[in-house]
Structures are given as structure tokens and as C-alpha cells.
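An overview of the molecular structure
For reference, the chains in residue letters:
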Amino acid sequence: MNTLLFPVILAGGKGERFWPLSRKDRPKQFLSLDGSSRSLLQATADRLIELGGGWDLLWVITSNQIAEGVRQQLPDLPSQNLLIESEGRDTAAAVAWTSLEIKRRYGEDAVIGFFPADHWIADQEAFAHTLSAATQLAASTAAIVTLGIKPTFPSTGYGYIEQGEKIGSFNELPAYHVNRFTEKPNRETAETFLSTGRFSWNSGMFVFRAGVVLKELHTHAPEIIEPLEQHGPDIYPQLPKKSIDYALMEKTTLAYVLPVDFGWDDLGDWNAIERLLKKEETPNVELATHIGLDTQGAIIYASNPEDVVVTIGLEDVVIVRDRNVTLVVKKERTQEIKQILKILQSDSRFTDLL
């Protein structure tokens with residue numbers, strides 16, 4: 001049984017909800033958002049190479065716009081382990097192409113794990129223990145294993161996984177067949193999910209054997225896998241743009257979930273900074289020189305340490321100062337940053353701000 005894991009970092013995202021800090025030339029995965037000196041991409045690579053395989057087993061798939069930045073961020077990554085998409089086609093195409101390449105090099109029994117570049121993990125030891133369990137399950141069973149995060153509140157921003165029948169334990173962690181995946185629910189539905197104890201957050205992390213996922217892609221997403229097999233990555237711009245959840249996970253009968261709890265956040269928008277760094281004794285999260293009067297519940301960031309942010313009488317806002325842009329937004333409306341970017345994109349005066 002092959003218990004080696006080939007970890008793959010999905011590093012093609014834009015991170016638009018972290019604008020103006022995240023821009024085309026400096027996407028979210030290149031940023032350090034937790035107060036450390038390591039970017040999200042570097043921190044993800046650090047914890048994956050610590051699993052035991054080192055740099056030779058680590059793969060990264062990214063877009064051609066930021067490939068050079070990935071090389072600079074991860075200088076020890078073997079060049080043959082960096083796959084560069086000519087055009088972003090979402091995660092289904094990325095999973096299909098990388099799985100084909102790893103199968104070609106290492107065979108269909110190679111166990112592959114896919115990990116977004118922008119996640120925060122608190123407990124590395126528990127994370128490694130979980131991945132060992134997922135690798136054992138994937139190596140021994142025709143399984144597409146997903147890591148389900150134990151919910152800590154009724155989030156409406158995450159997808160959910162309902163666990164079904166228990167199929168056994170791996171590395172002392174129980175594994176379940178997946179009953180269903182549910183997209184982002186409303187709050188009432190999310191509260192109902194939590195009350196049952198059967199639901200996990202969908203982390204977007206998957207582990208499986210190359211041959212298993214490629215066979216399932218042939219069954220459920222032939223419009224993606226067949227052109228790639230026939231024409232290679234040159235066909236990329238013509239592939240449909242679909243997430244792996246929509247293209248495969250919501251359809252396959254081979255989905256299994258490991259409910260886990262190792263301290264996790266997907267760092268989706270500026271509010272994630274508060275979840276990571278807020279201290280009870282301080283009224284705000286300040287990653288800037290801030291002079292405030294009667295200001296609380298604010299998240300304040302400035303990329304230039306010489307910039308001073310002054311506030312009076314503000315509550316529950318995000319203030320970001322980066323280069324030639326200042327963003328001020330209510331915390332409850334940070335999801336709407338994407339709408340602002342569409343406005344900027346449509347006006348030639350502002351395209352350099354993207």
C-alpha cells in the first residue's frame with residue numbers, strides 16, 4: 001500500500017476580497033496576514049513539506065500571471081513540480097491536470113492531496129495526524145477523502161458536509177461516507193445543521209489516489225478530463241470553468257469525510273484578520289500606526305509603517321491603506337469589495353489600482 005502523499009497547493013486564486021492589499025501583481029497568497037514573516041503560500045508549503053516528503057513531493061499549480069512570483073516565494077520548489085495554467089478555469093481543471101501529471105510520473109496508485117494556498121492552520125501536529133489518516137484511507141479504499149472542519153459557529157459563508165454511515169477509523173480518526181454537500185446556507189439552516197452534530201464545514205482539502213479521481217472525472221466531468229487527455233494543457237482556455245465541488249464532489253458516490261479539529265480558517269476576507277489576531281483586552285485589531293478616539297471593533301491595516309490612520313467615533317469598520325488606495329468599509333459588507341473591483345475595472349482611470 002502506497003502511503004506517500006503528494007501534496008498539491010492550489011495557488012491560482014486572486015483574493016479579491018483582500019483588496020487593496022491583494023492586487024494582480026501581489027495576490028492574497030503572497031501576503032502575510034497573521035503577523036508572521038511568512039506569506040500564506042510559504043506557510044502552506046512549510047507545513048506540507050514537514051509531512052515527510054520534502055520539496056521533491058510538493059507540487060504547485062498556479063496561473064501564468066503570478067508564476068514568477070511563486071518561483072520567488074518558493075525557490076526550493078523543483079521546476080518540474082510547478083504547473084502553470086495559461087488561463088484560470090477553476091479548481092476542477094486544476095485537479096484534473098495535476099492528477100494526470102502525477103499519474104504519468106508516479107502511477108495511478110499515487111496518493112494526492114489538494115490544499116488551497118490561503119488557509120491558516122493552528123495545530124501543525126494535529127494537521128499532520130489528520131493527513132496521515134486521510135492518506136491511509138485513500139490508499140486502502142476507492143475513496144475521495146475530504147477534510148470536514150468541526151463548526152464553531154453557524155457560518156453562512158462556508159459549504160457544509162453531512163456525514164453518513166461510519167466506515168471505520170484511520171489513525172484513530174473516524175471516517176464517514178458523505179451523505180451530501182450543501183452550498184452556503186442561510187443562518188437558520190446553518191443553526192439546524194450544527195444542532196444535529198452531523199455536519200462539518202467543507203474545507204476544500206481533498207485526498208485520493210490518482211487513478212480513482214481520474215476514473216470519477218471520466219464519469220462525472222468528461223468535458224474536462226477527456227480534452228486534457230487528448231490535447232494536454234494547450235486545451236486549457238477551452239475547458240469549462242467549474243469548481244471541483246460542482247464538477248465532482250456533489251456527484252460522486254466515493255466521497256468520504258474525516259471530521260477534524262486542528263484550528264482552521266480560510267481567510268476569505270478582512271474579517272478573518274479579527275478572528276486570528278483579536279485580543280479581548282484591545283478594542284481593535286491594529287496592523288498600522290493608529291490614533292483613535294472612541295473607536296472600537298475596527299480592523300486597521302497600513303502597508304507603509306510611516307502612514308498614520310486617525311479615527312474618531314467609528315465602530316465595526318475595516319480601514320486599509322495600501323499605496324495609493326484607502327478602503328473604508330463596514331465589516332458586514334466586506335463581501336461587496338468584489339463589486340467595487342468591477343466598477344474600477346470598467347473605468348480606464350482606475351485599472352492600475354487592480
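Here, every reference points to the structure presented above.
These remarks concern the structure in this document. If you're wondering where the values come from, they're calculated on a predicted model, not measured in any experiment. Each chain has its residues counted from 1, following the order in which its sequence is written. Local features in this predicted model are restricted to residues of pLDDT 70 or higher, and side-chain atom pairs are both shown and tallied only at a pLDDT of 80 or more, whereas totals for entire chains, interfaces and linings draw on every residue. By convention in this description, side-chain values take in all heavy atoms of the structure and omit both hydrogens and water.

What to know about empty space enclosed by the protein
Within this scheme a cavity is a closed region of a 1 Å grid, computed over the protein atoms alone, that accommodates a 1.4 Å probe without allowing it to escape, whereas a pocket is open but has protein on both sides within 12 Å along at least five of seven lines; lining residues each have an atom within 4 Å of a point. Grid points are joined across faces, edges and corners, and a volume is the space filled by probe spheres set on the points. For the structure on display, the rule yields 1 cavity of 30 Å³ or more. By volume, the largest cavity amounts to about 40 Å³. Residue lining of the largest cavity: T44, R47, F115, P116, H119, I121, F127 and M205, and that is the complete set. Of all the elements in the fold, those that place two or more residues in the lining of the largest cavity are α1 (40-49) and β4 (111-116). When grouped by side-chain class, the residues that make up the lining of the largest cavity number 5 nonpolar, 2 polar and 1 charged. Where helices and strands are cited, they refer to DSSP runs of H or I of at least four residues and of E of at least two residues respectively, numbered from the N terminus. Polar here means any residue outside two lists: the nonpolar Ala, Val, Leu, Ile, Met, Phe, Trp, Tyr, Cys and Pro, and the charged Asp, Glu, Lys and Arg; Gly therefore counts as polar.

Here we look at the environment of V325
Examined against the element boundaries, V325 turns out to sit in strand β17 (residues 325-330). According to the relative accessible area criterion, V325 is buried, its value standing at 7%. The spatial distance from the C-alpha of V325 to the C-alpha of E229 is 45 Å, given a sequence separation of 96 residues. Filtering out sequence-adjacent residues up to four positions away, V325 remains in contact with W19, P20, R23, V320 and L353. A simple rule labels every residue: compare its accessible area, found with a 1.4 Å probe on the protein chains alone, to the largest value its type can have, and call it buried under 20%, exposed over 50%, or partly exposed in between. Here a residue-residue contact requires only that any non-hydrogen atoms of the pair lie within 4.5 Å.

Here we look at the pairing of strand β14 (residues 299-302)
Every second residue of β14 is oriented toward a common face, with I299 and Y301 on one face and I300 and A302 on the other, all of them buried. Two strands pair if DSSP finds at least two bridges between them. With 3 bridges joining them, strand β12 (residues 285-287) and β14 adopt parallel strand pairing. Paired with L287 across the strands is Y301, a residue of β14. Here 4 bridges tie β14 to strand β16 (residues 317-322), and the two strands are oriented parallel to one another. Directly across from I300, in β16, lies its bridge partner I319.

Here's the deal with the side chain of E85
Relative to the helices and strands, E85 is located in strand β3 (residues 82-85). There is no salt bridge for the buried E85, and the closest opposite charge comes from R89, which lies 8.2 Å off by N-O distance. Once you skip the residues sitting within four places of it in the chain, E85 turns out to touch I61, T62, S63, N64, D90, A94, W97 and Y236. Residues scored as positive are Lys and Arg, those scored as negative are Asp and Glu, and His as well as the terminal groups of each chain are ignored. A pair is scored as a salt bridge if a Lys or Arg side-chain nitrogen falls within 4 Å of a carboxyl oxygen belonging to Asp or Glu.

Take it as geometry only, folks, not as evidence of what the structure does.
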